Amino acid sequence: MQPTKQDNALEQAIQILTADHDKVRLLFREYKKLMDLDADASQRGPVAAKICQELTAHAELEEQIFYPAARKAISEDAEECMDHADVEHQSLKRLIADIEGSHPDDEHFDANVHVLQEYVAHHVEEEENDMFEELRHAEPKMDSVLKKMQEAVSKRTEKPNPFKDKSPKNAGDARQSKAAARKQVRTSGSQKKPAAADK
Ligand SMILES: [Fe+2]
Ligand SMILES: [Fe+2]
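Quick notes on the rules
Residues numbered from 1 in each chain as written. Chains lettered and ligands numbered in written order. Predicted model: local features only at pLDDT ≥ 70, side-chain atom pairs only at ≥ 80, totals over all residues. Heavy atoms only, no water. Helix = DSSP H or I, 4+ residues; strand = E, 2+ residues; numbered from the N terminus. Contact = heavy atoms within 4.5 Å. Donors = N, O, S within 2.8 Å, 3.2 Å for Na, K, Ca; no water. Tetrahedral: all angles 85-135°; square planar, octahedral: opposite > 155°, others 65-115°. Buried < 20%, exposed > 50% of the residue type's maximum accessible area, 1.4 Å probe, protein only. Phe/Tyr/Trp six-rings, centres within 6.5 Å; stacked < 30°, edge-to-face > 60°. 1 Å grid on protein atoms, 1.4 Å probe; cavity = no way out; pocket = protein on both sides within 12 Å on 5 of 7 lines; lining within 4 Å. Points joined across faces, edges and corners; volume = space filled by probe spheres on them. Nonpolar A, V, L, I, M, F, W, Y, C, P; charged D, E, K, R; others polar.

**Focus: the overall build of the protein chain**
- Counting its secondary structure elements, the protein chain contains six helices and zero strands.
- Helices (α) and strands (β) of the protein chain occur, in sequence order from the N terminus, as α-α-α-α-α-α.
- Long-range contacts, defined here as pairs at least 24 residues apart, represent 82% of the contacts in the protein chain between residues at least 6 apart.

**A look at the coordination of the iron ion (ligand 2)**
- Only H21 (NE2), H58 (NE2), E62 (OE) and E127 (OE) from the protein coordinate the iron ion (ligand 2), and they sit 2.0 to 2.2 Å from it.
- With four donor atoms in place around the iron ion (ligand 2) and angles of 83 to 174° between them, the coordination shape is irregular.
- Along the chain, the residues donating to the iron ion (ligand 2) are arranged with the sequence spacing H-x36-H-x3-E-x64-E.
- Metal-to-metal, the separation of the iron ion (ligand 2) and the iron ion (ligand 1) is 3.3 Å; E62 coordinates the two. A residue pair is termed long-range when its members are at least 10 positions apart, and H21 in helix 1 (residues 9-36) and E127 in helix 4 (residues 109-138) qualify at 106 residues.
- Residue classification places E127 among the buried residues on the basis of a relative accessible area of 1%.

**Description of the packing of aromatic side chains**
- In total, this model carries three aromatic pairs according to the counting rule given.
- For the ring pair Y31 and F109, a centre distance of 6.5 Å and an interplane angle of 45° mean the geometry is tilted. Of this pair, Y31 sits in helix 1 while F109 sits in helix 4, and the two are 78 residues apart along the sequence.
- Residue classification places Y31 among the buried positions, given a relative accessible area of 1%.
- Under the relative-accessibility criterion, F109 is labelled buried at 1%.
- Three or more aromatic residues link up through ring pairs in this structure, and these residues are Y31, F109 and F163.

**Comments concerning the coordination of the iron ion (ligand 1)**
- Each protein donor to the iron ion (ligand 1) is listed here as E62 (OE), Y67 (OH), H89 (NE2), H123 (NE2) and E127 (OE); together their distances run 2.0 to 2.4 Å.
- For the iron ion (ligand 1), the single-chain donor residues occur in sequence as E-x4-Y-x21-H-x33-H-x3-E.
- Exposure remark for H89: the relative accessible area of 3% places this residue in the buried category.

**Overview of empty space enclosed by the protein**
- Scanning the model with the defined rule gives two cavities of 30 Å³ or more in all.
- By volume, the largest cavity is sized at about 130 Å³.
- In terms of lining residues, the largest cavity is bounded by 14 residues, among which L55, H58, A59, L92 and H123 are the most central.
- Mapped by element, the contributors of at least two residues to the lining of the largest cavity are helix 1, helix 2 (41-73), helix 3 (79-100) and helix 4.
- Considered class by class, the residues forming the lining of the largest cavity number seven nonpolar, four polar and three charged.
- Considering only enclosed or pocket space, the second largest cavity measures out at about 40 Å³ in volume.
- Looking at the second largest cavity, the residues that line it are F28, Y31, K32, M35, V113, H114 and Q117.
- Elements that contribute at least two residues to the lining of the second largest cavity include exactly helix 1 and helix 4.
- Residue contributions to the lining of the second largest cavity peak at four residues, all from helix 1.
- Along the lines of polarity and charge, the residues of the lining of the second largest cavity split into four nonpolar, two polar and one charged.

Laid out in structure tokens, this is it:
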């Protein structure tokens, strides 16, 4: 076992970020399960709210503390990956705002959560495989950065569920038609094509 790893501030900072990534991965998995069960808004809403809240807090931690330190530490050649991450954060935040501004029974709510999951998976993979590796090569001193990150994490607070007192845009219709559409998708794989298939 590498004796320096646990004492290394960079590795500890990376651990904070990867713990966030893992937490959000689990939440997305939970949401997917609820979607597959056609769970109603009262069940999907809190999970979607938690996903948005966790991602927002994580993005703040990276943008305000980790990314600026990472940008200073890595070589000019690797700056491209920091620019790339900045742009991806902007897209992620727009999608989060769309989700938080809608209702779990709105027509594209599940699709937005699914697209967010895909974006996040892609972004996290690049951070973990490219950015963190660049930093490991650069071996920056991150003691004060780690301290700031730990403080920021300890100050995180629960935010209210943004969907709680909201109604869907087309109350009544949206969820019903969506549930029917899902059912159709699930059963279509086992259905025979009409007439021609039986000839
Ligand atoms: Fe990020
Ligand atoms: Fe991240």
